[in-house]
Each structure stands twice: as structure tokens, then as C-alpha cells.
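Listed below are the residues making up each chain.
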There are 2 protein chains.
Amino acid sequence: MASRSGPTLNMIASALDVSVATVSNALSGKGRLSAELTKRIRDKADELGYTPSQAARALRTGRSRVLGLVLPDIANPLFPQIAQAIEYAASTAGYGILIADSRGSVAMQTDAINRLIERDVDGILIVPRLGTRIVDVGRPLAVIDSPSTPNSTVSADHWQGGQLVMEHLVSLGHRHIVLIGNNPSSNVQNDRIGGMRSRLPPGGRAQVLWIEQHEDICGKGAPLQLVERVNAGATAFAAVSDLHALRALTELQNAGIPVPARVSVTGFDDLAWSAMITPALTSVRMDVASIARLAIEALLQAIESDPPGTTGAVTAETSSVPMTLVVRQTTAPPFVPINNQNAPEGEPA
Amino acid sequence: MASRSGPTLNMIASALDVSVATVSNALSGKGRLSAELTKRIRDKADELGYTPSQAARALRTGRSRVLGLVLPDIANPLFPQIAQAIEYAASTAGYGILIADSRGSVAMQTDAINRLIERDVDGILIVPRLGTRIVDVGRPLAVIDSPSTPNSTVSADHWQGGQLVMEHLVSLGHRHIVLIGNNPSSNVQNDRIGGMRSRLPPGGRAQVLWIEQHEDICGKGAPLQLVERVNAGATAFAAVSDLHALRALTELQNAGIPVPARVSVTGFDDLAWSAMITPALTSVRMDVASIARLAIEALLQAIESDPPGTTGAVTAETSSVPMTLVVRQTTAPPFVPINNQNAPEGEPA
DNA sequence: CTGAAAGCGCTTACAG
DNA sequence: CTGAAAGCGCTTACAG
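Residues numbered from 1 in each chain as written. Chains lettered and ligands numbered in written order. Predicted model: local features only at pLDDT ≥ 70, side-chain atom pairs only at ≥ 80, totals over all residues. Heavy atoms only, no water.

## Brief notes about the overall build of chain A
Helices and strands together make up the secondary structure of chain A, namely 11 helices and 12 strands. Within the span of chain A, comprising 349 residues, buried residues form 53% of the whole. Long-range pairs, those at least 24 residues apart, make up 71% of the contacts in chain A with a sequence separation of at least 6. Working note: accessible area of chain A is about 14200 Å², and carbon and sulfur atoms make up 52% of it. (Helix = DSSP H or I, 4+ residues; strand = E, 2+ residues; numbered from the N terminus. Buried < 20%, exposed > 50% of the residue type's maximum accessible area, 1.4 Å probe, protein only. Contact = heavy atoms within 4.5 Å. Areas by Shrake-Rupley, 256 points an atom, 1.4 Å probe, with all protein chains shown as cover.)

In C-alpha cells form, the structure reads like this:
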């Protein structure tokens, strides 16, 4: 009953009058066969367009060669980048990616994980919901978040990214900077803000403006009252995300404050539209390809070292990947006494 | 070798001294067993935390209960919404979603499809790349694009969405409108533009501004020269995507043209940040949940009617789902003689 | 109403 | 160097 569409090992075997075991070995390169037979078998397999049955292989080996990817509220526009990079890294390694969305709540995150496990994934990649600590899912696990997250496996070095931003703003001459975030309990945001602060020169001011706290990253709502900040002397707005930067930018422009002539705006994550708007946003990019590759590597290692059927341990080593600054606004603050427009080295105070 | 982590039918069977066949029947409700035995078996299964082996089931039945989702260049921010809705609809129906990204080229789209087929997906959902016509992938297929796309299965009614936008602008008193798109060969964009045009009253002007054509939806590049259009009398900019609307909005603001006091800007797709910027964007939303549900339904029907192993036919019936207008800018054009601010019914010309 | 048996397609010791 | 055989966990006729 219920036969497959494609040819099977059996069909190759009988076409060549050899055993299935021999065909299997030839294709996998495991038993040592004569080079001649191996070639004949491989040619026949190609000719027939043989594809191994994942189901049979999985049943036999106890491994599905499928990984689960659990993402938090998908409203976060970073999702596509990560999903794309993970899918690429996984398929390069011969694995498929089953997605599961944990939108809404921590409970749904648990559901998502369970759904994946029921589908026999070999391991799970997760970008955890805020404040969640994923401990043991009974399967090898890789956590992608921030270096500050307990048992994180891989992440961007958000702190260092923050340093890049502040160094850049300071080199332009900015000394009074408003940092914008929306969630004081997000490790990612705190790392970015911490990094920025750590590079503020003596005498500089950097106050954090926490916009209203929403579960999802894009809080709608009351204006941020940025004009007051400008009047108070702020010359730069450094947001922890391009989303917040966009919100700040449009609000400033709407209030008639020219950007970047009067104030600069920077963000994080270099989202799809960041280069496209006017003015384009200076931003900091994570190396999603490397993060994905490292996450997959760590996960596969955990999978391959644990015998199937074992309750896999959480992978232990944490690595953090440097971020890159993408400069698109290079205007110096207008009222700081500096000599030239382009990034003076000195400290004009 | 390579046993599973969880309990098997066999373990339940021997714990209860019945046969595996009986356990299988009890759990699936297929053979008719005594209510009493059925209950005992189910309780035992729950107690042991039984999860069926997908691999074994797939091998036996010839169905993996996994669907593939192929997405075009993921730079399109609509992706998360769709992926989320599809994943939800699929998991409700007991299916998993394996993702494959066709970023870059048509060749990669083919690769993506092949990767999914090699993983034995039961069917494929695809948002095709521009200009691609997916004909036969040897597996049931559902195409999500525009009603104008040949063999589309489900899509939003982009034409009707365009009508909503134009009706709204016209009701506010706008008569000179610039339509913004970036790809004249996109069915989606053409439908939206066609719909908008179809509702332009006699005497109204609606010229299309095609911004430079990129594979990906967010073309960076030269300014759009919108100020000239404003000087020429345009009072509204209606883009085929929030992305283009954002680009227009920031460019106008940057040029010192107040939005929406002087001109209005509308988009499409109601992206995450559309409500958050200043001013918020009037937009048109697709009902992704319904689209996903219909796509999954059509696909599952095709899967269930074709015996496994058959080259599944492309599903035939096309349905299109109405879009919804989300009004966020209600300012009438300043120099059109109208009586009140809020959407006069007459035609002030 | 319940069970014995075959078989889905593969891989892996093991024997020849 | 190659093959016969067992078995992964399930489902489905079929027999009792």
C-alpha cells in the first residue's frame, strides 16, 4: 500500500541484479565496494532520479534530519533575515527547517516547541520570547538571543554594536545624545544601550528614553516629545532598533526639525528600508549568516554526539559575533564648534 | 538500533496485554473496539505520554503530513505575516511547515522546490517570484499571488484594494494623485494600480510614477522628485506598498512639505510600523489569515484526493479575498474648496 | 470485538 | 568484495 512516487533502492537493485544492501552502501560510500560497481550503481541511481525516502531513513536511523525554528512574535522585522540565514545554513548541512511561531505568549512558545517535538525534529533553534528561560526541551537546543541571556548559544555582540554607534556619533562631535528603547527588560536592548553608554566621553550626556512598553516591538501610541529634547540640547537620537529610529525620525521631521542637518538619528539592525528612506539611517548590522552558521554547527554537534533517543543536553559554549556599523548620516551637530563637517578627530567638547 | 525517545505502540500494547493493532485502532478510532478497552488504551497512552512516530507513520502511509512553503526574496516584509498565518493554519490542520527561501533567482526557486520534494513534503505552497510560472512540481501545489497570476489558487483582491484607496482619497476631495510603484510587470502592483485608476472620477488625474526597478522590493537610489509633483498640483501620493509610501513620506517631509497637512500619503499591506510613524499611514490590509486558511484547505483537498505517489495536479479553483482599508490620514487637500474636513460626499472638482 | 501478519524503504551488523 | 536478514514503528487488510 501507499507506495512512493520515486524509485527505491529496491528498484535500483533489481535493475542491476545486486542487493539493496549493496546499493545502499554504494550510495552512502560506507561498505567498501569495487569502484566499478559503485559507479554503475550511482549512474543507475542518477538515471532513475533516485531520492532516498526520508521517512524510511528516519525510521531506521532515529534521526529526521529536520530542525525546528521557534521565533517570538513575528512582528519583529528581523525575523526574515534570521529565518533566511538559518534555512540556508541548515539546508547546506542537509537539514530542513520546520517553523513554529510563538506569537502572543509564553504558553504558545511551549506549544510551538511541543509541536516540533511531536514532529520528531532532531533539534531546536530558538529565539526566545522576552524573559523566557528555556531550560530543557528534551532535545538538543540552540538559543539565539543576546550574550547576556542565560544559556545563549550564539548571538550578535550587541554591546560592541552599541560601542560602534557611540564612537561614531562622538567622532562626529555629538555630546548630547538621547538613547531610545522600549523595553528595559530586554537583554538585547540593554546590551546595546550599555555598549553605547560605555563609549560616552567624560562630559557627554546620554539619557535613555523608554517609549511605552509593548510585548511587540512596534508600540503605537503617544508622541515621544522629541522636540523638547532637541530644545534641551540633544543633537542625536540613537535608537536600539531601526523601528524606533524610524519613529523618531518621522516625528522629528514632522515637527519641522531637519534631519540630519539639525539632529542625527541612528538605529540598529539595518532593516530593509533603512537605506531607502530620506535621510537614510545610520545603523548597525548583525552578521546573520555567521550567527546562523554557528547556531547550526553547535546544534548539529550536540545532535551528533548524543545518541538518538537521549534527552539531549543544552549546548553550552556561547559565542558572540561582532556587528558592523553602516554609516549613512555623517552630519556633525550644527552648534558644536568644529572645523570641518566630516568627523573631526578631536574632542571639541 | 536507534530507538526513539518516547514510548511506542508496542510498549502500550504489552503494558496492557493487547496487540499493537488494537492500540493503533483505539488511538485512531478506526476499528471498532469496546468503549471500555478504548478508554483503557487511551488512558495508558496519555499516562506514558505517547507520541506517534511521524517517520513510521509516513513510511507506512506514504504521507509526511508536512507541507513546504516557498517564499520569494524575503526582503519583502510581508513575508512574516504570511508565514505566520500559513504556519498557524497548517498546524491547526495537523501539518508542519518546512520553509524554503527562493532568494535571488528563479534558479534558486527551483532548488528550493526540489529541496522540499526531497524531504517528502505532501504539497507545496508558493508565493512565486515575479514572472515565474510554476506549472508542475509533481506534487499538489497552491499558488498565492494575485488573481491575475495564471493558476493562482488564492490571493488578496488587490484590484478591489486599489478601489478602496481611491474611493477614500476621492471622498476626501483629492483629484490629482500620483500612484507609486516600482515594477510594471508585477501582477500585484498592476492590480492595485488598476483598481485605483478604475475609481478615479472624470476630470481626476492619476499618473503612475515607476521608481527604479529592482528585483527586491526596496530599491535604494535616486530621490523621487516628489516636490515637482506637488508643485504641479498633486495632493496625494498613493503607493502600491507601504515601503514605497514610506520612501515618499520621508522624502516629502525632508523637503519641508507637511504631511498630511499639505499632501496625503497612502500605502498597502499595513506593515508593522505603518501605524507607528508620524504621520501614520493610511493603508490597505490583506486578510492573511483567510488567505492562509483557503490555501491550506485547497492544498489539503488536492492531497487527500490524489493517492500518494501520484503526480498531483495543480489545484484549479481560484479565490480572491477582499482587502480592508485602514484609514489613518483624513486630511482633505488644502486648496480644494470643500466645506468640512471630513470626507465631503460631493464632487468639488 | 480483537489479533497475527505483512510490509512501507531504508541501514547495519553479520556471514559468506 | 557482496548479500541475506533483521528491524526501526506504524497501519491495514484479513482472519478468527
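## Brief notes about the environment of A:Gln207
All names here are of chain A. Tracing the backbone shows Gln-207 in strand E7 (residues 205–210). By relative accessible area, Gln-207 is classed as partly exposed at 25%. For the pair Gln-207 and Ala-234, spaced 27 residues apart in sequence, the C-alpha to C-alpha distance is 9.7 Å. Ignoring sequence-local partners within four residues, the contact set of Gln-207 consists of His-176, Ile-177, Val-178, Leu-179 and Arg-229. A polar side-chain atom of Gln-207 sits 3.4 Å from a polar atom in the side chain of His-176. (Polar contact = N/O pair within 3.5 Å; in protein donor to acceptor, adjacent residues only side chain to side chain.)

## A look at the confidence of the model for chain A
Looking at chain A as a whole, the pLDDT averages 86, with 88% of positions reaching at least 70. Confidence over residues 336–349 of chain A falls short of pLDDT 50; this stretch has 19 contacts with residues more than four positions distant or in other chains. (pLDDT = per-residue confidence, 0-100.)

## Looking at the interface of chain A and chain B
The interface of chain A with chain B comprises 64 residues on the first partner and 63 residues on the second. When the two sides are added together, the surface that chain A and chain B hide from each other amounts to roughly 5400 Å², 60% of it contributed by carbon and sulfur. The three residues of chain A that bury the most area against chain B are A:Gln84, A:Arg119 and A:Met276, which together make up 13% of that side's buried surface. Applying the counting criterion to the chain A and chain B interface returns two salt bridges. Between A:Arg115 and B:Glu87 there is a salt bridge, and its shortest N-O distance comes to 2.4 Å. In this assembly, chain A and chain B are joined by 23 residue pairs in polar contact (both at pLDDT 80 or more). Counting residues per element, the ones that place at least two in the side of chain A that touches chain B are helix H4 (54–61), helix H5 (79–92), strand E2 (96–101), helix H6 (106–118) and helix H10 (242–254) of chain A. (Buried area = accessible area lost by both parts, 1.4 Å probe. Salt bridge = Lys/Arg side-chain N within 4 Å of Asp/Glu carboxyl O.)

## Considerations on the protein's contact with DNA strand C
Around DNA strand C lies a shell of 27 residues, among which A:Leu9, A:Tyr50, A:Arg60, B:Thr22 and B:Ser34 are the nearest. The backbone of A:Leu9 places a nitrogen or oxygen atom 2.5 Å from a phosphate oxygen of DNA strand C. Side-chain polar atom of B:Thr22 to a phosphate oxygen of DNA strand C: 2.7 Å apart, as the coordinates give it. Counting residues per element, the ones that place at least two in the surface near DNA strand C are helix H2 (20–28) and H4 of chain A together with helix H2 (20–28) and helix H4 (54–61) of chain B. The element that contributes the greatest number of residues to the surface near DNA strand C is H4(A), accounting for four residues. (Near = heavy atom within 4 Å.)

## Examining the sheet that holds strand E9 (residues 264–266) of chain A
All names here are of chain A. With parallel pairing, four strands are arranged side by side in an open sheet as E7-E6-E8-E9. Pairing within the sheet leaves two strands with one partner each, and these edge strands are E7 and E9. Here the average twist between neighbouring strands, direction ignored, is 20°. Relative to strand E8 (residues 236–239), strand E6 (residues 176–181) runs parallel, the two sharing four bridges. The partner of Ile-177 across the bridge, within E8, is Ala-236. Lying over the sheet, helix H8 (residues 187–198) contacts E6, E7 and E8, oriented at roughly 165° with respect to E7. (Pairing = 2+ DSSP bridges. Axes fitted to C-alpha atoms, helices over the stretch in contact; angles between N-to-C directions.)

## Looking at the relation of the copies chain A and chain B
The transformation that overlays chain A on chain B combines an axial shift of 0.0 Å with a rotation of 180°, and the residual RMSD is 0.1 Å. Read as a symmetry element, the transformation amounts to a two-fold axis. Interface overlap between copies: 98% of the residues of chain A at the interface are likewise at the interface in chain B, consistent with a symmetric, same-surface contact. (Least-squares fit on C-alpha atoms with pLDDT ≥ 70 in both.)

## Observations regarding H10(A)
All names here are of chain A. For H10, which comprises 13 residues, the first-to-last C-alpha distance of 18 Å matches the rise-based estimate of 18 Å (1.5 Å per residue) to within 8%. Most of H10 sits out of view: 12 of its 13 residues are buried. Residues Asp-242, Leu-243, His-244, Ala-245, Leu-246, Arg-247, Ala-248, Leu-249, Thr-250, Glu-251, Leu-252 and Gln-253 constitute the buried set of H10. At the N-terminal boundary of H10, the capping side chain belongs to Ser-241, with an oxygen 2.9 Å from the backbone nitrogen of Leu-243. Phi turns positive one or two residues past the end of H10, at Gly-256, with a value near 85°. (Expected span 1.5 Å × (residues − 1).)

## Observations regarding the protein's contact with DNA strand D
Taken together, 27 residues surround DNA strand D, and among them A:Thr22, A:Ser34, B:Leu9, B:Tyr50 and B:Arg60 come closest. Among the atoms of DNA strand D lying within 4 Å of the protein, the sugar-phosphate backbone contributes 70%. In this structure, a base nitrogen belonging to DNA strand D sits 3.4 Å away from a side-chain N or O atom of A:Arg60. Contact between DNA strand D and B:Arg57: a phosphate oxygen at 2.9 Å from a side-chain N or O atom of the residue. For the surface near DNA strand D, the secondary structure elements donating two or more residues are H2 and H4 of chain A together with H2 and H4 of chain B. The element best represented in the surface near DNA strand D is H4(B), accounting for four residues. Here the surface near DNA strand D is composed, by residue class, of 12 nonpolar, nine polar and six charged. (Nonpolar A, V, L, I, M, F, W, Y, C, P; charged D, E, K, R; others polar.)

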